[in-house]
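# Summary of the model geometry
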Number of protein chains: 2
Amino acid sequence: MSRTVVNVKSDVQAVLNELENKNIRNIFFVACGGSSAIMYPAKYVLDREATTLTSDLYSSNEFIHRNPRQLGKESLVILCSMSGTTPETAEAATFAKSKGAYAVALTNEPTSPLAQNADSVIKYEWGNDVDAFETNLGVLYQLVFGVLSVVENNGKFAKAVSSLENLQSVYEKALQYEKENARKYAEANKEEPVIYTMASGANYGAAYSFSICILMEMQWIHSHAIHAGEYFHGPFEIIDENVPFMILLGLDETRPLEERALSFSKRYGKKLTVLDAKEYDLSGIDEEMKGYIAPLILNRVLRQYAEELAEARNHPLSKRRYMWKVEY
Amino acid sequence: MSRTVVNVKSDVQAVLNELENKNIRNIFFVACGGSSAIMYPAKYVLDREATTLTSDLYSSNEFIHRNPRQLGKESLVILCSMSGTTPETAEAATFAKSKGAYAVALTNEPTSPLAQNADSVIKYEWGNDVDAFETNLGVLYQLVFGVLSVVENNGKFAKAVSSLENLQSVYEKALQYEKENARKYAEANKEEPVIYTMASGANYGAAYSFSICILMEMQWIHSHAIHAGEYFHGPFEIIDENVPFMILLGLDETRPLEERALSFSKRYGKKLTVLDAKEYDLSGIDEEMKGYIAPLILNRVLRQYAEELAEARNHPLSKRRYMWKVEY
């Protein structure tokens, strides 16, 4: 078995060692907002790869109140909060443990409430200067492919980890490639009151995150992440020459959905921005991993677009009117 | 066992009889747009009730391309399309069967492509004059509670069906109760360029449907269905006195999420419309069923709001610029 020599973060390895002695049957991805959005590609990986493990993804408070009947001793609950202070997520860890589940916290703050409430803690780093391997998305993939290896002998663990090790240089080249595009995007969209995003498959979470965290939260711009497959069954009636769309093209099996949505949008829309992972230099990413890794790259590039948009609008990404400022 | 005497539609019973001889381990809910939205409460029921059955919900083309690894001989795939001509959904039935799954089609057209591609067909009725028991939502619940009964001996089948039998009169009273409110809503919102919806739990699908099918598709109004638990982790920064919200309050276990979202919205928003299932006369609905049934009532009431909005805006619900008119 390759799994013992795969070089993951030591706190990820510690969790995998614990799992050797457990009988895990289902996985719950539990977080809020941007921390929840990073879990969408992990759910995609599980759907594509897992032969017996089942999985669900819920916003933390939905998870607690929905109280899924199959949450129990055979459950792995993966939670995430950068500060570890998100109340619902910290409470969800306690709730999961009360059901006998094994709760693993991903956080930047290993002494936070979330970390204290969980069974195990995996620390990740945060910020533009951090290596991709150490970020929330990088750490989550180490864990998820590790779990697939430990529980199901899935053979892609080493490929996933080596791809993650090479990801930072892919980010840097993609950011360079998109630098001028991001600036132009910001200039063209700075007065827009509504901006839609669209994607499918592993990439939907990146679109969702850009819509709710960047546009709605940090820029107060109306938005909605449209699923590219759902587009033709309602949402597409909204597009015309005046409605801006940010369309993501990934590299996974659902790419035809994104391509079809783009193709239609080009016929009736004019304000389209396309991020296409196919245009990026993916050297060092294993061929079998490209579909899974694309949303991480798109997500990183979207951050660059967000920074340029904030600059062009003179509305810093840190600006809030309610979050952390009023009671809620 | 009560299940043999529960009086469901005969085509539902025929499917349940088939399932007696199968070993179903997982359920996939597969449809597009409004037909997908009706499946969200069914997923909620399964999460709350199922001891072994697992479930996932995907837009039809996402389902085909995602190609979940656990789709196979132990899968029940429930598909829905009113006309039965939705190409992706008809194709999804063929795809499901090719994997050995048992494909059940819900449709208004028993000779449609979807019906022909599926293993079994359940017909439902459509329109404002049809009894609730015979609609897509009514039929789907008959099937889902029936499956829980057959596969897991879940004891709520009879209660679910008797509640569905009494649902039409609940609809009629709720529609009467909301009649003037719907008219006022339409008058107040007829000039709005953006209207958000919000809900959680079993009710999220009704919010999603109102956003993408009614507002975006049929009224060309910008919209987004915000999950009430996610609200505080991004989207709530968008609200102010000028941004209209339609907030649903159901009766399921996640109601505290919806109440919290409403309470915050009342402090910073002014253009709020609230549909609260607690205000309706639910005579004939079993106490244990109220949380599950609430989204059906809210959905029916939302249709009334949609009709009033279309009238006030002089933009008929049947008006389209792309759907069924251009190639896509």
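Residue indices begin from 1 for each chain and proceed along its sequence in written order. Labels follow written order: the first chain is A, the first ligand is 1, and so on. Given that this is a predicted model, residues contribute local features only at a pLDDT of at least 70 and side-chain atom pairs are listed and counted only at 80 or more, while totals for whole chains, interfaces and linings are drawn from all residues. The side-chain figures draw on all heavy atoms in the structure; neither hydrogens nor water molecules are used.

## Topic: the UniProt feature "domain: SIS" (unreviewed entry) in chain A
Short version of the rule: UniProt positions are given in the numbering used here, feature names are shortened, and annotations may be inferred rather than shown by experiment. Think of it this way: any DSSP run of H or I at least four residues long counts as a helix, any run of E at least two long counts as a strand, and we number them from the N terminus.
The residues that UniProt annotates with the feature "domain: SIS" (unreviewed entry) are residues 15-153 of chain A. Along residues 15-153 of chain A one finds 44% helix and 20% strand; the C-alpha atoms at either end are 16 Å apart.

## Observations concerning the interface of chain B and chain A
Selection criterion: Two residues qualify as a contact provided that any one of their heavy atoms is within 4.5 Å of a heavy atom in the partner residue. The buried area of a pairing is the accessible area, by a 1.4 Å probe, that goes missing from both parts when the two are put together, added over both. The term salt bridge refers to a pairing of a side-chain nitrogen on Lys or Arg with a carboxyl oxygen on Asp or Glu at a separation within 4 Å. Pairs of N or O atoms are called polar contacts if they sit within 3.5 Å, as long as, within protein, a hydrogen donor faces a hydrogen acceptor (for residues adjacent in sequence, only side-chain-to-side-chain pairs).
Taken together, the contact pairs 73 residues of chain B with 73 residues of chain A. A combined buried area of about 6300 Å² lies between chain B and chain A, and 51% of that area is made up of carbon and sulfur atoms. Applying the counting criterion to the chain B and chain A interface returns 10 salt bridges. Residue Arg66 of chain A is joined to Asp47 of chain B by a salt bridge in which the shortest nitrogen-to-oxygen separation is 2.8 Å. On inspection of chain B and its partner chain A, the count reaches 51 residue pairs in polar contact (both at pLDDT 80 or more). Mapped onto the side of chain B that touches chain A, the elements with two or more residues apiece are helix H2 (33-37), helix H3 (40-49), strand E2 (54-59), helix H4 (60-66), strand E6 (194-199), helix H10 (204-219), strand E7 (222-227) and helix H11 (255-268) of chain B.

## With respect to the environment of Ser318 of chain B
All names here are of chain B. We apply this condition: Partly exposed describes any residue whose relative accessible area lies between the buried limit of under 20% and the exposed limit of over 50%, with all areas from a 1.4 Å probe on protein chains only and scaled to the type maximum.
Residue placement: Ser318 occurs in the segment after helix H12 (290-313). What makes Ser318 exposed here is its relative accessible area of 59%. Each C-alpha atom, one on Ser318 and one on Gln219, is 9.3 Å from the other, the two residues being 99 residues apart in sequence.

## Details of the domain arrangement of chain A
All names here are of chain A. As a reminder of what qualifies: Here the limits of each domain have been adopted from an automatic or database domain assignment.
Split by domain assignment, chain A resolves into domain 1 (3-160) and domain 2 (166-313). On a C-alpha basis, the centres of domain 1 and domain 2 stand 26 Å from each other. Opposite the 20 residues of domain 1 that make contact, domain 2 presents 25 residues. Taking both sides of the interface into account, the surface hidden between domain 1 and domain 2 amounts to around 1900 Å²; carbon and sulfur atoms contribute 64%. Looking at the side of domain 1 facing domain 2, the largest losses of area belong to Tyr44, Asn128 and Lys159, adding up to 30% of the total buried there. Scanning the region where domain 1 abuts domain 2 turns up three salt bridges. Across the salt bridge formed by Glu288 and Lys156, the nearest N and O atoms sit 3.6 Å from each other.

## Some points on the pattern of salt bridges
Opposite charge on two side chains permits them to pair, given that their charged atoms come into close proximity. Taken as a whole, this structure holds 48 salt bridges over all chains when the rule is applied. As a salt-bridge pair, Glu187 of chain A and Lys190 of chain A come within 2.6 Å of each other at their nearest N and O atoms. Overall, the relative accessible area of 27% leaves Lys190 of chain A in the partly exposed class. A salt bridge links Glu307 of chain A to Arg303 of chain A, with the shortest nitrogen-to-oxygen separation between them at 3.6 Å. Separated by four residues within a single helix, Glu307 of chain A and Arg303 of chain A lie in helix H12 (residues 290-313), roughly one turn from each other. Each of Lys43 and Asp47 of chain A together with Asp56, Glu62 and Arg66 of chain B takes part in salt bridges that share partners, so that together they form one network.

## Examining the sheet that holds strand E4 (residues 102-107) of chain A
Residue and element names in this part refer to chain A. Here is the rule we go by: Each pair of strands is called paired provided DSSP finds at least two bridges between the two strands. Axis angles are defined between N-to-C directions and span 0 to 180 degrees, where every axis is a line fitted to C-alpha atoms and, for a helix, only to the segment in contact.
Strands sit in the order E2-E1-E3-E4-E5 across an open sheet of five strands; the sheet is parallel. The sheet is open, and its two edges are formed by strand E2 (54-59) and strand E5 (120-123), each paired on a single side. Taken over all neighbouring pairs, the strand axes of this sheet differ in orientation by 20 degrees on average, direction set aside. Here strand E3 (residues 75-80) pairs with E4 via five bridges, running parallel. In the sheet register, Val77 faces E4, and the bridge partner there is Ala103. Across the sheet, helix H5 (residues 87-98) is in contact with strand E1 (26-31), E3 and E4; its angle to E3 comes to roughly 170 degrees. Across the sheet, helix H7 (residues 136-152) touches E1, E3, E4 and E5, and the angle it forms with E4 is around 155 degrees.

## A short note on the pairing of strand E4 (residues 102-107) of chain B
All names here are of chain B. Within E4, six of the six residues are buried, leaving the element largely enclosed by the surrounding structure. Residues Tyr102, Val104 and Leu106 of E4 are buried on one face, and the alternating residues Ala103, Ala105 and Thr107, pointing to the opposite face, are buried as well. Judged from the four bridges that link them, E4 and strand E5 (residues 120-123) form a sheet pairing that is parallel. Bridge assignment links Thr107 to a residue of E5, and that residue is Lys123.

## Concerning the sheet that holds strand E6 (residues 194-199) of chain A
Residues and elements named next belong to chain A. One open sheet accounts for four strands, arranged E7-E6-E8-E9; its pairing is parallel. The sheet terminates laterally at strand E7 (222-227) and strand E9 (272-276), the two strands that pair on one side only. Shown here is a sheet whose adjacent strand axes are inclined to one another by a mean of 15 degrees, direction ignored. Bridge count for E6 against strand E8 (residues 245-249) is three bridges, and the pairing is parallel. In the strand pairing of E8, Tyr196 is matched with Phe245. Strand contacts of helix H9 (residues 167-189): E6, E8 and E9, with the helix running at about 155 degrees to E9, the strand carrying the most contacts.

## A word on the state of the cysteines
All names here are of chain A. Applicable threshold: We call a pair of cysteine sulfur atoms a disulfide when they lie within 2.5 Å.
Enumeration according to the criterion identifies zero disulfides over all chains in this entry. Looking at Cys213, it has no disulfide partner, and the nearest cysteine sulfur is the one in Cys32, 10 Å off. Under the relative-accessibility criterion, Cys213 is labelled buried at 8%.

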